[in-house]
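Each chain, written out:
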Amino acid sequence: DFREGGGGGRSLHKMCDQLDVRGVPYVVRELKIADYIFFVGDKLAPILIERKTADDVAGSLHDGRWEKQQRSMRKAQYVLGGGAARRCQICYIIEGDPNKKKVHGGNVGRRTWFQSVEDVENAIDQLPGLGFSVMKTKGHLDTIGLLAKVAQDVSWKAKNGNIDVTLTYKQFISRVKALGDEIGDPPTEREHKNPAPPVVVNAEHIPEASANALENDGDASDPQSDAQSNVQPMTSTAQPLREENREEYAELKKMPIAQLKAKCKERDEKIGGKKEELIARLLKPRKPEILIMRVRRKEYVPKVPSSNAALMVALLLNHVPGTPGMTKERLMVLSEETGVSKESMSGDGGFYDGWSGIKQLQEGDPALVRREKGHRYSLTTQPPETSGRAVAHALHILAHREGLCNCGNNPE
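So, how was this worked out
Residues numbered from 1 in each chain as written. Predicted model: local features only at pLDDT ≥ 70, side-chain atom pairs only at ≥ 80, totals over all residues. Heavy atoms only, no water. Pairing = 2+ DSSP bridges. Helix = DSSP H or I, 4+ residues; strand = E, 2+ residues; numbered from the N terminus. Contact = heavy atoms within 4.5 Å. Axes fitted to C-alpha atoms, helices over the stretch in contact; angles between N-to-C directions. Phe/Tyr/Trp six-rings, centres within 6.5 Å; stacked < 30°, edge-to-face > 60°. Buried < 20%, exposed > 50% of the residue type's maximum accessible area, 1.4 Å probe, protein only. Core = buried A, V, L, I, M, F, W, Y, C linked by side-chain atoms within 4.5 Å.

Looking now at the sheet that holds strand β5 (residues 326-327). One open sheet holds the 3 strands; their spatial order is β5-β7-β6, and the pairing between them is antiparallel. Strands with a single pairing partner mark the edges of an open sheet, and in this sheet they are β5 and β6 (369-372). Taken together, the 2 bridges between β5 and strand β7 (residues 376-379) define a ladder with antiparallel strand orientation. Opposite Thr327, over in β7, you have Arg376 as the bridge partner. Across the sheet, helix α13 (residues 307-318) lies against β5, β6 and β7, angled at about 85° from β7, the strand it touches most.

Here is the structure:
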């Protein structure tokens, strides 16, 4: 829809640029229903997606658009999904965290909307029961990546004849207008509630009923007996002790806090907190030595997770030394996909985004990242033991230890 991202005067052009980077063909038009629709030729695919930022949800709740849009989407589902069978996916992409959109008074978006964080979160949580799947993203870069996956899935299904497409957009709108309002009522049948999203997303965003439907229906052991048989001693950070760490834990337990803090400092771990927290840090695998040595020399080390760490890991995974560097646009996309930054690389609507720290990566001797002609970027490679690639490899290891990196290839 041409009003997406605030229209052409705001973020729409950025979203289109990201679709170009991903090679996804698109057109921008005024849409009467939904924000994103998908075509196979000139026929509509049975998928409708509405995108809402957290403050968009608050604004829609305030002015009544929230329920009106849902009613329109369900009527559209009826048309595209073969009538009462409703074989059409209607989805919400929820972008951003409501807690980060609070203004003075604790409301979300604008104070005069009178919508609290709890109001917004409750409205989102009710969507599956109203017939909508929900996909959550960190920001618009993450959203575009998700839309690209949906487009790829539609393309694959079309090539394999696994998708029903019969209506042009004009026919679709005409039939929706002819329906009575009762067709847009919330579903009462269980089969039309708690739908799974069109593509696989983070499991925590899948409604419980949909997640259960994906599980194996085979025999399962008694969860209570399993829980009892797997009870292990826990540290204060709620991590179970490994067998090989029991002796080390006992030795660390005997040490005074001052000695534990000294050990943490030597390993570049935080030195604050209670004794059990200090011990838990010392029981973790030691950080790669290159990161520890840089800290001792007072050289910059990107934190994990962070945007700068995501930029470096993306370059490590996707750029071949000796070839032209990567453009900012491509690098931002790949950085978002790594998962190494918990915050969206596109920022939170403010002045700063994930690119704001790039200058810090270009400082030092040697620098971690260098800028080439044509505003392209690559990791430094010399000297090999202290280069940007060596540091990026160490950050990649940490990202996997923290369960952040999505590359599927653990460097350890």
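The next subject is the packing of aromatic side chains. This model, assessed by the stated rule, comprises 4 aromatic pairs. Ring centres 5.3 Å apart and planes at 45° place the aromatic pair Trp66 and Tyr92 in the tilted group. In this pair, Trp66 is assigned in helix α3 (residues 65-80) and Tyr92 in strand β3 (residues 89-95), connecting sequence segments 26 residues apart. What makes Trp66 buried here is its relative accessible area of 6%. The exposure class of Tyr92 is buried, given its relative accessible area of 0%. Ring geometry for Tyr92 and Phe132: centres 5.2 Å apart, planes at 70°, overall edge-to-face. Of this pair, Tyr92 sits in strand β3 while Phe132 sits in the loop between α4 (117-125) and β4 (133-137), placing them 40 residues apart in sequence.

When a strand is regular, its side chains alternate between the sheet's two faces. Judged by how many residues are buried, strand β2 (residues 43-53) sits mostly within the fold: 10 of 11 residues are covered. Where strand β1 (residues 36-40) lies against β2, 4 bridges are found, and the strand directions are antiparallel. Within β2, the residue paired with Phe39 across the bridge is Leu44. The turn joining β1 and β2, which pair antiparallel and follow one another in sequence, is formed by 2 residues; a positive phi near 70° is taken by Gly41.

On to the nonpolar core, then. If you look at the biggest cluster of nonpolar residues, it comprises 34 residues, and the most contacted ones within it are Leu291, Met312, Leu331 and Val369. Elements represented by at least two residues in this core include exactly α12 (289-296), α13, α14 (328-338), α15 (358-361), β7 and α16 (388-401). It is α13 that provides the largest number of residues to this core, a total of 8 residues.

The next point concerns the sheet that holds β3. Reading across the sheet, the 4 strands line up as β1-β2-β3-β4 and stay open at both edges, with mixed pairing between neighbours. Each edge of the open sheet carries a strand with a single partner, namely β1 and β4. Shown here is a sheet whose adjacent strand axes are inclined to one another by a mean of 25°, direction ignored.

Read these as layout, nothing more, since geometry by itself doesn't imply function.
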